[in-house]
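# Structural description and commentary
The primary structure of each chain is shown beneath.
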Amino acid sequence: MTTETNITRDAVQFIQNVTFADLPAEALEIGKRCMLDTMGLYAAGATEHSVHILMEEAVYQGGREDALLLAGEGQRIPTPAAARILGTSGHAHDWDDTQVSHDPRHVYGLLTHPSVPPLTAALVVAQQLGGVSGEALMLAFQTGVEVESKISEWMLPDHYRRGHHTSGTVGTFGACAAAAKLLELTDEQLANALGIAASFAAGIRCNFGTMTKPLHVGRAAENGVTAAMLAKRGFTADPTALDGRWGFLQVLGGGYSEEKLSQGFGKTFTIVSPGVSIKPYPSGIVTHQSMDAMRNLVLEHDIQPEQVEKIDFYAANNILEPIRYPIAKNHLQAKFCMNALLAMLVLRRQAGAKEFTDEFVSSDPMQDMQKRISLHLDPEIEAMGFDRIRSRIVLQTKDGKTFEKWADERYRGGPSNPMTNGEVEEKFRVCAQGLLDEESQKALIASIWAVDTLADSAALTDWMANVANEA
């Protein structure tokens, strides 16, 4: 593998030169859907204890009144701190969108959550600057998504398999690119910003199922913004930090795919092709097809919880490795516990915000049902490859009946089976219920669909002052 690449230079040129006119119509439409989805998640995350801790720490630290403190009743805090809180809130429920890849070497769903870091960066920097149009904000967001997603796609899949959390590492570049676009950095400043971001990038998978997992994304947003702001002031870094023997892709990714580099930034926007998935459930994306299968099986045969003797779940390592908790004790662990996710659907026939609570997950029915579920590595499914999520469920009832269900490989929420705009709006309303009044919800939804016509993007941020932080 050659180390003579120009990834940093190409990223700089793309960030510097891309215009709103360069965005395909489909990219603009998908970008609005992703923006609407993410805004709802910001609101929903404001109820999480982890986000409350970050809010309290930001108020304690004080500082410039740059951007709104989420759920802070109009209080303003420094831009990086606002990014840390907002980014963590957006990922707090693990319900944010996911990058898609058609490369069978990539483990499906284990690339990056593309929207939260760059959208967060764009929103907080726009507030700091003031008077930023909706068109400029959308362009900054799309610029960040493209840079983040291409780096994620080009790295070898060893990055994630080694234990790095891509949304925390590569997400830093997405936030940096978005912030840099709005701050109008020069070529030299952009190269330095990416170099600073390369040293800031961090996040390890051992923290999945804890408060620190969503903080990875909050720190990606904060660090990307900070990298751009420091570079604007003249802070220097290696101007080729994505390249070479000691560059980001080699050191943290174990290398890169040489044949993919010709894709370039912005020649085809990743948000359009291969696209993004909008999550139907607030858990790891590799679980969703199996969760749909469990729900459908229970509904089709009207299976009641008290009838279940045992459930056997068969899958490959692309599901079994990242889903790391055998029995979940709380709602954070449940997001990465297949036993808990399947048990929810047997007990409640749904798995939404009301199911992901410590009270429900630790309840006797949930603990009992989880113990009736066994996970198995299936060699035949493993041999089919990791480009798609494949699994099957075998449920046995106490009267000796056996029911089997294969998961649908077409991911619900993904490009091959997308949510409608109405379904995305409904997900937003579910997330914002009890946190934003109906008029505020309607106004925000309307502003997002018309973002490219807004003279001032403040309509996309003013609501943050009024969101409740208790459900």
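Here, the structure is the one placed above.
The notes below deal with the structure included here. (Residues numbered from 1 in each chain as written. Predicted model: local features only at pLDDT ≥ 70, side-chain atom pairs only at ≥ 80, totals over all residues. Heavy atoms only, no water.)

The secondary structure content of the protein amounts to 21 helices and eight strands. Against the 2.2 N^0.38 benchmark of 23 Å for 471 residues, the protein shows a C-alpha radius of gyration of 22 Å, consistent with a compact globule. Each of the three principal axes of the protein carries a C-alpha extent, and together these read 70 × 55 × 40 Å. Taken across its 471 residues, the protein has 61% of its residues classed as buried. Sequence separation of at least 24 residues holds for 79% of the intrachain contacts in the protein that already meet a minimum separation of 6. In the form shown here, the protein has an accessible surface area of approximately 17,900 Å², with 48% of it arising from carbon and sulfur atoms. Charged side chains of the protein number 41 positive and 59 negative; the gap between the two group centres comes to 4 Å. (Helix = DSSP H or I, 4+ residues; strand = E, 2+ residues; numbered from the N terminus. Rg over C-alpha atoms; globule rule 2.2 N^0.38 Å. Buried < 20%, exposed > 50% of the residue type's maximum accessible area, 1.4 Å probe, protein only. Contact = heavy atoms within 4.5 Å. Areas by Shrake-Rupley, 256 points an atom, 1.4 Å probe, with all protein chains shown as cover. Lys, Arg positive; Asp, Glu negative; His and termini not counted. Charge placed at Lys NZ, Arg CZ, Asp CG, Glu CD.)

Further remarks concern the sheet that holds strand E5 (residues 308-315). The strands that make up a sheet pair up through hydrogen bonds in the backbone, lying either parallel or antiparallel. Spatial ordering of the open sheet is given by E6-E5-E7-E8, a layout of four strands whose pairing is mixed. The sheet is open, and its two edges are formed by strand E6 (373-377) and strand E8 (402-406), each paired on a single side. Between one strand axis and the next, the sheet turns through 15° on average, direction left out of account. Of the pairings in the sheet, the one linking strand E7 (residues 391-397) to E8 comprises five bridges and is antiparallel in character. Directly across from Leu 395, in E8, lies its bridge partner Phe 403. Helix-sheet contacts for helix H13 (residues 288-301) involve E5, E7 and E8, and the interaxial angle to E8 is about 140°. Running over the sheet, helix H16 (residues 338-348) touches E5, E6 and E7 and is turned about 130° from E6. (Pairing = 2+ DSSP bridges. Axes fitted to C-alpha atoms, helices over the stretch in contact; angles between N-to-C directions.)

Before going further, it helps to examine the packing of aromatic side chains. Under the criterion given, the structure shown has five aromatic pairs. Between Phe 208 and Phe 336 the ring centres are 5.0 Å apart and the planes differ by 35°, which places this aromatic pair in the tilted class. Taken together, the residues Phe 208 in the loop between helix H10 (187-200) and helix H11 (212-232) and Phe 336 in the loop between helix H15 (331-334) and H16 connect sequence positions 128 residues apart. Judged by relative accessible area, Phe 208 falls into the buried class, the value being 2%. Here the aromatic cluster, defined as three or more aromatic residues joined through ring pairs, consists of Phe 14, Trp 154, Phe 265 and Phe 269. Over the ring of Tyr 325 we find Arg 324; its NZ or CZ atom is 5.0 Å from the centre of that ring. (Phe/Tyr/Trp six-rings, centres within 6.5 Å; stacked < 30°, edge-to-face > 60°. Lys NZ or Arg CZ within 6 Å of the ring centre and 35° of its normal.)

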